[in-house]
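Secondary and tertiary structure notes
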Amino acid sequence: MNPQQGNQTSITEFILLGFGTLPELQILLFLLFLVIYIATMAGNILIVVLVVTDQHLRTPMYFFLGNLSCLETCYTSTILPSLLASLLTEGRTISFNGCLTQYYFFASMVATECFLLLVMSYDRYLAIGNPLHYAAHMSVRSCLQLAGGSWTGGFLLSSITTLSISQLTFCGPNDIDHFFCDFIPLVKISCNDPQMMEMLAFALSLILLLVPFLLTLMSYIYIIAIILRIPSSTGRQKAFSTCSSHLIVVTMYYGTLLIAYMFPTTNSLRDFKKVLSVFYTVLTPLVNPLIYSLRNKEVKEALRKVSRKKSMFGQC
């Protein structure tokens, strides 16, 4: 039998190289990522609690924001705990099934976030472009269907890429030059035809990333065109303020994600892409709550209410 066609379980575990090339910075990186993880979890959980408890935030826009924050907590927890453990203990091995599971949940979260960002841009388009029919289009049922469709679609589509990885043949080496299990690094160490697998990776990226991005971009082109037609500068500023936070998040998220997956992975770009991965897996979930809370009057007002309640309880 050709060894290239052997069973993929001939390798039962992988070694995540991560940031092993920087041994002198392991403790510093551990502390940095630990602070980021705690802040990310606290910020996103706070947004979810505010959306659930504050009646002024029970609108479609904040319902989707709550879904996004819930997603970010799961997204971060898929990668950072294992990264923190590897930095602290220097144990970088992960089983084949563990690697496949981590990739499945990571890919599901990425796809779901793309769909949620698209839904949020559609929500802003309806609110600004068709305000009279907004309530009819964004009923409770419609919001549940859009959010549920985003989560379901993300998990179903990622099962295709996970199934593709499970069919790869791994015959050595088993070093993954990344800090988590991702499609392209796994393809690089497989014994399969790399050109065919990179074409598959490009096709999947096209479906899961580029299509939602283009639709989101199209929504914002329409939104900006509508805003520019508003006669008063005050009206334009008010309309733009309702979608500026989301536009910043979309730009940050897709800017790093598309470069990481749509460009070929050369030796010169490998380390650069690893740094980009830190942006969309670690930093974006951290800054999302900050962007939405600092630039949003309703969220800041809800935070002030929580602070006042805490101070009242403290005085009692």
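Residues numbered from 1 in each chain as written. Predicted model: local features only at pLDDT ≥ 70, side-chain atom pairs only at ≥ 80, totals over all residues. Heavy atoms only, no water.

**Focus on the packing of aromatic side chains**
Worth spelling out the cut-off: For Phe, Tyr and Trp, rings pair up if their centres lie within 6.5 Å, where Trp contributes its six-membered ring, and each pair is then called stacked (planes under 30 degrees apart), edge-to-face (over 60) or tilted (otherwise). The secondary structure listing takes helices from DSSP runs of H or I that are at least 4 residues long and strands from runs of E that are at least 2 residues long, numbered from the N terminus. To sort residues, take the accessible area from a 1.4 Å probe on protein chains only and compare it with the maximum for the residue type: under 20% means buried, over 50% means exposed, and anything in between is partly exposed.
Per the stated rule, a full pass over the model turns up 15 aromatic pairs. Considering the side-chain rings of Phe105 and Phe155, the 6.3 Å spacing of their centres and the 75 degrees angle between planes classify their relative orientation as edge-to-face. Residue Phe105 is found in helix 3 (residues 96-129), and its partner Phe155 is found in helix 5 (residues 140-166); the two are separated by 50 residues along the sequence. Residue class for Phe105 comes out partly exposed when judged on its relative accessible area of 35%. Linked through ring pairs, Tyr75, Phe106, Phe179 and Phe180 together constitute an aromatic cluster.

**Examining the sheet that holds strand 2 (residues 93-95)**
What counts here: Strand pairing is assigned whenever DSSP identifies at least 2 bridges connecting the two strands. The contact rule is simple, with two residues in contact once any of their heavy atoms fall within 4.5 Å. Whenever a helix is involved, its axis is fitted only over the stretch in contact; in every case the axis is a line through C-alpha atoms, and angles between N-to-C directions fall within 0 to 180 degrees.
Pairing is mixed in the open sheet, where three strands are placed in the order 2-1-3. Since the sheet does not close on itself, it has two edges, and those belong to strand 2 and strand 3 (175-176), each with one partner. Pairing between strand 1 (residues 13-16) and strand 3: two bridges, direction parallel. Within the sheet, the bridge partner assigned to Leu16 lies in strand 3 and is Ile176. Along the sheet, helix 3 makes contact with strand 1, strand 2 and strand 3, crossing strand 2 at roughly 85 degrees.

**Considerations on the state of the cysteines**
Here is the rule we go by: Cysteine sulfurs are considered disulfide-paired once they come within 2.5 Å of each other.
This model, assessed by the stated rule, comprises two disulfides. A disulfide bridge connects Cys99 with Cys181, and the sulfur atoms are separated by 2.0 Å. Between Cys99 and Cys181 the sulfur-sulfur dihedral comes to about -125 degrees; the bridge is accordingly left-handed. Of this pair, Cys99 sits in helix 3 while Cys181 sits in the loop between strand 3 and helix 6 (183-189), and the two are 82 residues apart along the sequence. Per residue, the accessibility class of Cys99 equals that of Cys181, and both read buried. The residue that forms a disulfide with Cys171 is Cys191, at a sulfur-sulfur distance of 1.8 Å. One quick way to see it: the torsion about the S-S bond of Cys171 and Cys191 is about -115 degrees, and its sign makes the bridge left-handed.

**With respect to a nonpolar patch on the surface**
We count it as follows: Each patch is built from residues lacking any salt bridge and having more than 30% relative accessible area; the joining distance is 9 Å for like charges and 5 Å for nonpolar side chains (Val, Leu, Ile, Met, Phe, Trp, Tyr). Methods summary: accessible areas were calculated by the Shrake-Rupley approach with a probe of 1.4 Å, and residue burial reflects only the protein chains presented. Definition used for salt bridges: Asp or Glu carboxyl oxygen within 4 Å of a side-chain nitrogen of Lys or Arg.
On the surface, Tyr122, Tyr125, Val211, Leu215, Met218 and Tyr222 cluster together into a nonpolar patch covering about 540 Å² of accessible area. When residues in the nonpolar patch are grouped by element, the largest group, four residues, is from helix 7 (residues 194-228). Mapped onto the elements of the fold, Leu215 is located in helix 7.

**Some remarks on the layout of surface pockets**
Here is the rule: The pocket and cavity definitions rest on a 1 Å grid over protein atoms only: a 1.4 Å probe that fits but cannot leave marks a cavity, an open set with protein on both sides within 12 Å along at least five of seven lines marks a pocket, and residues lining either have an atom within 4 Å of a point. Grid points are joined across faces, edges and corners, and a volume is the space filled by probe spheres set on the points. Throughout, the ten residues Ala, Val, Leu, Ile, Met, Phe, Trp, Tyr, Cys and Pro are labelled nonpolar, Asp, Glu, Lys and Arg are labelled charged, and all others, Gly among them, are labelled polar.
Here the largest pocket defines a volume of roughly 560 Å³. Taken together, 24 residues form the lining of the largest pocket, with Met61, Ser241, Thr242, Asn296 and Glu298 sitting closest to its centre. Taken together, the elements giving at least two residues each to the lining of the largest pocket come down to helix 2 (60-89), helix 3, helix 8 (233-262) and helix 10 (297-315). Per-element accounting of the lining of the largest pocket gives the leading share, seven residues, to helix 8. Classifying every residue of the lining of the largest pocket by side-chain character gives ten nonpolar, eight polar and six charged.

**A closer look at the pattern of salt bridges**
Enumeration over the complete set of coordinates arrives at two salt bridges. In this structure, Arg124 engages Asp123 in a salt bridge whose closest nitrogen and oxygen atoms are separated by 2.9 Å. The buried category is assigned to Asp123, whose relative accessible area is 1%.

**What to know about the packing of helix 2 against helix 3**
In helix packing, the relevant descriptors are the interaxial angle and the interaxial distance, both defined with respect to the helix axes. Applicable threshold: Roughly parallel here means an angle under 35 degrees, roughly antiparallel means over 145, roughly perpendicular means 65 to 115, and every remaining angle is called oblique. Put simply, a crossing is left-handed when the front helix is turned counterclockwise from the back one by less than a right angle, and right-handed when it is turned clockwise.
Following both chains from N to C, one finds helix 2 and helix 3 inclined at 160 degrees, their axes separated by 10 Å at the closest point. By the angle between their axes, helix 2 is roughly antiparallel relative to helix 3. The crossing of helix 2 and helix 3 is left-handed. In the contact of helix 2 with helix 3, the residues fall into 17 nonpolar, five polar and four charged.

**Considering the UniProt feature "transmembrane region" (unreviewed entry) in the chain**
The following threshold applies: UniProt positions are given in the numbering used here, feature names are shortened, and annotations may be inferred rather than shown by experiment.
With numbering aligned to this structure, UniProt lists the feature "transmembrane region" (unreviewed entry) at residues 27-52, 64-83, 103-122, 143-165, 202-228, 240-263 and 275-294. Across residues 27-52, helical content stands at 100% and strand content at 0%; the span's end C-alpha atoms are separated by 37 Å. For residues 103-122, the end-to-end C-alpha separation is 29 Å, with 100% helix and 0% strand making up the annotated structure.

**Quick notes on empty space enclosed by the protein**
Take a probe with the size of a water molecule and roll it over the atoms, and the empty space left behind shows itself. Counted by the stated rule, this structure contains one cavity of 30 Å³ or more. In this structure, the largest cavity spans a volume of roughly 190 Å³. Forming the boundary of the largest cavity are 14 residues, of which Tyr103, Ala107, Ser205, Leu208 and Tyr261 lie nearest the centre. Counting residues per element, the ones that place at least two in the lining of the largest cavity are helix 3 and helix 7. Split into classes, the residues belonging to the lining of the largest cavity amount to eleven nonpolar, two polar and one charged.

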